[in-house]
Amino acid sequence: MVKTALNAPETPVMNEKLLLFLLAMVQFTHIIDFMIIMPLGKQFMQLFDISPQQFSVIVSAYALSAFAVGFLSAMYIDRFDRKKALAFTYLGFTLGTFACGLANDYYIFLAARSITGAFGGVLSALVLSIIGDAVPLKRRGQAMGVVMTAFSAASVVGVPAGLYLAASFSWRATFFVIGGIAAVVLVLIFFFIPALNRHLQGEGIQRNPFRVMGNIFKDGNQRMALLFTTILMLGHFTIIPFIAPYMQLNIGFSDHQVTYIYAVGGALTIFLLPFFGRLADRFGHARVFTFASLGALASIYAITNLDTASIALALCVTSSFFVVASGRNVPATTMVTSVVRPESRGSFMSVRTSINQMAMGLSSFVAGLIVQENADGSLVDYEYVGYIAIVMSLLAVALAWRLKAVE
């Protein structure tokens, strides 16, 4: 027994706060890169002379690429040190972001978004896997809330700054700055994150790629978690791609005013997401998810049926959606990380991210089919997208109570 312990690979001491900070920075750049497309939707439609349906393809291309590559990576990702996998994937994401800034027509830009999505989707899985490996379940909700504040920071700082760069210089400047920040974070990962190989020290690593996938889909609890992920995304992302264009074309937001949507909503969630995490750890993840989801229903209805000339009222509606929709994602993601053991977590989270991206791409595509453009440029039928999101949200609540933690 002593001999085994002495011969076991030594895991470096890890500063948990520093680890969470760097993971949050990875998410920060990844989320800005993904989110910035949507508030720039009006500009891209005019720049490339494309329809709302073609714009939705830009959003979908990122997600569908992440879906395809995520499934492939799931077969092998648990074989590697998490730090090495993170560094390699983040490098690909950084290069893809620079490629977006260099694109000079619609189809080249579409290809660049697909490359960025291929690496970005795997990044999300790795970040969640690392949190699951490094943070005990009893504190994981709070840790998840901390890392997920990257979404809020991206909304408050990243997206408004990106829109300012696009309005003041060029949309290309936005992608070059995101790529530059990502390059700095990549260096910090190399020097300050230790080896993350604890999951390799067990005996449960599956080497056969087909058995990796088989083990995931044979497990009823894991299948339920994947279904939950799909339904939740259909109840969340269907309305998001057209929030900014709708506020501009129907409510009257200017190109600069649309930044207020992300700044105000993001500022609120910076403070409230860790609070949602602490509530979930204390009162139960499914319970907190349920209450937040019920709050989201009203916000979804309000956004997709909004008819006002008041910018202030519109900001109240969009901010409420940011808070409750992002808040429910904290317990939801924590629950999903707990349905699988550490030695298989990377593979499962890659599949989960792929399913998530597929649902995201499907959501955007469906929304693009439903939302139409009037002769005056305003958008119609957005309310039907909201009704779909409400039904899916209710189904997600029912599924949340059927998930079981195995740790």
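Every value quoted in this text rests on a predicted model; they were computed, and no experiment measured them. (Residues numbered from 1 in each chain as written. Predicted model: local features only at pLDDT ≥ 70, side-chain atom pairs only at ≥ 80, totals over all residues. Heavy atoms only, no water.)

Caption draft 1: Structural detail: the pattern of salt bridges. For the structure on display, the rule yields one salt bridge. Residues R113 and D33 are paired through a salt bridge, measuring 3.0 Å at the closest nitrogen-oxygen approach. With R113 in helix 6 (residues 106-134) and D33 in helix 2 (residues 16-35), this pair connects stretches of sequence that are 80 residues apart. Accessibility classification places R113 together with D33 in one group, the buried group. (Salt bridge = Lys/Arg side-chain N within 4 Å of Asp/Glu carboxyl O. Helix = DSSP H or I, 4+ residues; strand = E, 2+ residues; numbered from the N terminus. Buried < 20%, exposed > 50% of the residue type's maximum accessible area, 1.4 Å probe, protein only.)

Caption draft 2: Spatial organisation of the side chain of Q222. Relative to the helices and strands, Q222 resides in helix 10 (residues 220-234). Residues in contact with Q222, not counting those within four places in the same chain, are I216, V339, V340 and F348. (Contact = heavy atoms within 4.5 Å.)

Caption draft 3: Spotlight on the packing of helix 12 (residues 258-283) against helix 14 (residues 311-337). Between helix 12 and helix 14, whose axes approach to 8 Å, the crossing angle comes to 30°. Considered as vectors, helix 12 and helix 14 are oriented roughly parallel to each other. Helix-helix and strand crossings are classified by hand; for helix 12 and helix 14 the assignment is right-handed. Residue composition of the contact of helix 12 with helix 14, grouped by class: 14 nonpolar, eight polar and no charged. (Axes fitted to C-alpha atoms, helices over the stretch in contact; angles between N-to-C directions. Parallel < 35°, antiparallel > 145°, perpendicular 65-115°, else oblique. Left-handed = near helix turned anticlockwise from the far one by under 90°. Nonpolar A, V, L, I, M, F, W, Y, C, P; charged D, E, K, R; others polar.)

Caption draft 4: View of helix 10. Helix length check: helix 10 (15 residues) gives 21 Å between terminal C-alpha atoms against 21 Å at 1.5 Å per residue, within 8%. When you tally the buried positions in helix 10, you get twelve out of 15 residues, the bulk of the element. Of the positions making up helix 10, those classed as buried are N221, Q222, M224, A225, L226, F228, T229, T230, I231, L232, M233 and L234. Where helix 10 begins, the capping side chain belongs to D219, and its oxygen is found 2.8 Å from the backbone nitrogen of N221. (Expected span 1.5 Å × (residues − 1). Polar contact = N/O pair within 3.5 Å; in protein donor to acceptor, adjacent residues only side chain to side chain.)

Caption draft 5: Structural detail: unusual backbone geometry. Of note in the backbone geometry, D49 takes a positive phi value of approximately 55° without being a glycine. Tracing the chain through its elements places D49 in the loop between helix 3 (41-47) and helix 4 (52-74). Assessed through its relative accessible area of 67%, D49 is described here as exposed. Unlike most non-glycine residues, D381 shows phi in positive territory, near 70°. Within the element layout of this structure, D381 appears in the loop between strand 2 (379-380) and helix 16 (382-400).

Caption draft 6: Just empty space enclosed by the protein, in detail. For the coordinates displayed, the defined rule picks out two cavities of 30 Å³ or more. If you add up the space inside the second largest cavity, you get close to 30 Å³. If you trace the second largest cavity, you find it lined by P39, K42, Q43, L163, Q248, D255 and V258. Counted by class, the lining of the second largest cavity contains three nonpolar, two polar and two charged residues. (1 Å grid on protein atoms, 1.4 Å probe; cavity = no way out; pocket = protein on both sides within 12 Å on 5 of 7 lines; lining within 4 Å. Points joined across faces, edges and corners; volume = space filled by probe spheres on them.)

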